Amino acid sequence: MSPNSQAAKHRSSRDTEREFGGTLGAVCIPILLPLTVLFLICVSRSPEASVFQWPPPLPSADQLWDPLAPVLLVGWIGLHALLYLMPAGKVSEGLVLRDGTRLKYPINGFHGLCISGVLLMLLLGLGAPLGNLFELLLPLAMCAIAVSFLLSAYLYIRSFWAPSYALASGGNTGNPFYDFFIGRELNPRIGDFDLKYFCELRPGLIGWVVINLGMLMKEVELQGSPSLAMILVNGFQLLYVADALWNEEAVLTTMDIVHDGFGFMLVFGDLAWVPFTYGLQAAFLVVHPQTLSSFGAAAIITLNGIGYYIFRKSNSQKNQFRRDPSHPTVARLETIATATGKRLLVSGWWGLVRHPNYLGDLLMALAWSLPCGFSHLLPYFYVTYFTVLLIHREARDERQCRAKYGVAWDTYCRRVPYRIFPYIY
Ligand SMILES: NC(=O)C1=CN([C@@H]2O[C@H](COP(=O)(O)OP(=O)(O)OC[C@H]3O[C@@H](n4cnc5c(N)ncnc54)[C@H](OP(=O)(O)O)[C@@H]3O)[C@@H](O)[C@H]2O)C=CC1
Ligand SMILES: CC(C)=CCC[C@@H](C)[C@H]1CC=C2C3=C(CC[C@@]21C)[C@@]1(C)CC[C@H](O)C(C)(C)[C@@H]1CC3
């Protein structure tokens, strides 16, 4: 690249439109979201379990800290780092980078999940009190938040040694608060160890199902057996995590890996937000047991099944089409050409709405809350937050696609007018 085009690129990234409320968002979100995690855990175990209760249920200092928590957290991340490095599964290439190269990624996350499962069963067999995770939840969340800040600071500092082509297009504004938050470097690596890819799918996502299992064990301690509601929440969320790891290769084409830098937002999202807020339903059920009729359970299982089917089929259809458009499963689908040479699907799942995968994900999110009944809002936190996240994410993706595909994107939008919910939005 000539010095002039380097300078133009640099200038354009500095002028990039800022997301998440710009500098104000970048200062407030890293303060507010960690407090939200702690607040939600406290609410989930308070007798009222009301997000509006005043004064809010504040934890005492000894509820926030336990010396076992940093040991467990560092041990857990270390175990998954070792599993990431084990020579199992295939090695896949990511999309082509700005310098024309492609990075290699190990596809062994599902192995990691299975080995974690076997280790947990062994620990349970040896009498390990997994239910104690209930009491450890706040100290573990505190440590995960601390690790998120430390890792983000490390990533921000090391990004100044990265070449300019390795920086994310939106994370190099020169504003330290914003760049720390959004992430400067696109694919930070220590040797071959890819920090963003590792964090996206392993310690936090698998940690989430382990915490859920801990909540189930706590319920067994308190009630003698797990409730149907707890089994459903555990089962649905395990399916979601196992599916993500089974289809690990597909993550290599998501916005997070391809476009976003690795900064506080993703680090915290992966390591603290996902494991400690996505499983709030299970934590809630420990203190607020619910009875569920067989008919109710069947209806909820059906809803989760429909959501999963739409989510999986639509994601697989697009991944297959992007990897090999001539594959028999996608070759007959109607498409429109774009100036980049890539085509856009206008039939099949991607002809129904512009984000069928978000629709399926949201139906599942609703199915995860319903086993907790209708008496409290807290179990509906995830589906509410997720609706906001996906509407915002859809708008970000839309902006990027319009910039990439121009008139072809407008034609697609005319052909497929609804974004997520057919005939509604
Ligand atoms: N549980 C959670 O917290 C979260 C879950 N998710 C889930 O992750 C999954 C991935 O989502 P996400 O990364 O946001 O993005 P998507 O998988 O929806 O990918 C969007 C990209 O797909 C391509 N595309 C869009 N329309 C078409 C079309 N008609 N034909 C072909 N390609 C098209 C474009 O990229 P290009 O053309 O360059 O290939 C676009 O940028 C979703 O299922 C989502 O629900 C996402 C966020 C959070
Ligand atoms: C509020 C806040 C801190 C937001 C950060 C957003 C992150 C929590 C999410 C951004 C994209 C994500 C994805 C998944 C988890 C949540 C985050 C990290 C994902 C790994 C969940 C499992 C799915 O099957 C998936 C692999 C498609 C998905 C990818 C995106």
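Residues numbered from 1 in each chain as written. Chains lettered and ligands numbered in written order. Predicted model: local features only at pLDDT ≥ 70, side-chain atom pairs only at ≥ 80, totals over all residues. Heavy atoms only, no water.

Going by what an unreviewed UniProt entry lists, the chain is known as Delta(14)-sterol reductase TM7SF2 and is assigned to Echeneis naucrates. Quoted verbatim from the Pathway (unreviewed entry) heading of the UniProt record, the comment on the chain is "Steroid biosynthesis; cholesterol biosynthesis." In UniProt, the chain has this text filed under Sequence similarities (unreviewed entry): "Belongs to the ERG4/ERG24 family." (UniProt positions renumbered as here; feature names shortened; annotations may be inferred.)

Caption draft 1: Spatial organisation of the overall build of the chain. Per the secondary structure count, the chain includes 17 helices and six strands. Projected onto the principal axes, the alpha-carbon positions of the chain cover approximately 65 × 50 × 45 Å. Residue burial in the chain is summarised as follows: out of 425 residues, 52% are buried. Considering only intrachain contacts with a sequence separation of at least 6, the fraction spanning at least 24 residues in the chain is 77%. A total accessible area of about 19,700 Å² is found for the chain, and carbon and sulfur atoms account for 68% of it. (Helix = DSSP H or I, 4+ residues; strand = E, 2+ residues; numbered from the N terminus. Buried < 20%, exposed > 50% of the residue type's maximum accessible area, 1.4 Å probe, protein only. Contact = heavy atoms within 4.5 Å. Areas by Shrake-Rupley, 256 points an atom, 1.4 Å probe, with all protein chains shown as cover.)

Caption draft 2: Focus on the site of ligand 2. In the neighbourhood of ligand 2, 17 residues make up the surrounding shell, with E200, A244, V251, D256 and D270 lying closest. Calculation on ligand 2 without its partners gives an accessible area of 630 Å², and the protein chains cover 86% of this total. Those elements that provide at least two residues to the shell around ligand 2 are α8 (195–201), α10 (228–246), α12 (264–277) and α16 (381–405). Two domains each donate at least three residues to the shell around ligand 2, and these are domain 1 (60–290) and domain 2 (292–424). (Near = heavy atom within 4 Å. Domains from an automatic or database assignment.)

Caption draft 3: Representation of unusual backbone geometry in the model. The amide bond that connects W54 to the next residue, P55, takes the cis arrangement and shows omega of -5°. Here P55 shows up in the loop between α2 (22–45) and α3 (61–64). For F20, which is not glycine, the phi torsion reads 55° and is therefore positive. Among the structural elements, F20 can be located in the loop between α1 (3–14) and α2. A positive phi is found at Y423, a non-glycine position, where the angle reads about 65°. The residue Y423 is located in the segment after α17 (407–415) in this model.

Caption draft 4: A look at the site of ligand 1. Looking at ligand 1, there are 26 residues lining it, with Y278, Y358, D361, K404 and Y405 nearest. Residue K318 places a side-chain N or O atom 3.1 Å away from an oxygen atom belonging to ligand 1. Between ligand 1 and L345, the relevant distance is 2.9 Å, taken from a nitrogen atom to a main-chain nitrogen or oxygen of the residue. For ligand 1, whose unbound accessible area comes to 920 Å², protein coverage reaches 88%. For the shell around ligand 1, the secondary structure elements donating two or more residues are α14 (294–323), β6 (343–345), α15 (356–369), α16 and α17. By residue number, the principal contributor to the shell around ligand 1 is α16, which donates eight residues. (Polar contact = N/O pair within 3.5 Å; in protein donor to acceptor, adjacent residues only side chain to side chain.)

Caption draft 5: Region of interest: the environment of A162. Tracing the sequence through the fold places A162 in the loop between α6 (133–158) and α7 (176–182). Look at A162 and you get buried, because its relative accessible area is 17%. Between the alpha carbons of A162 and L389 there is a distance of 30 Å; along the sequence they are 227 residues apart. Setting aside residues no more than four positions away along its own chain, A162 makes contact with L167 and E185.

Caption draft 6: Inspection of the side chain of E200 at higher detail. Tracing the chain through its elements places E200 in helix α8. Among residues more than four places away in sequence, those in contact with E200 are L205, V251, D256, L266 and D270.

Caption draft 7: Here's a closer look at the nonpolar core. Counting 104 residues, the largest nonpolar core has W208, M215, F276 and F386 as its most contacted members. Broken down by element, this core gets its largest block of residues, 13 residues, from α6. For W208, the residues in contact, after removing those within four places along its chain, are Q237, Y240, V241, V274, P275, Y278, G279 and W368. In this structure, I336, Y405, W409 and C413 belong to the second largest nonpolar core, which totals 15 residues. (Core = buried A, V, L, I, M, F, W, Y, C linked by side-chain atoms within 4.5 Å.)

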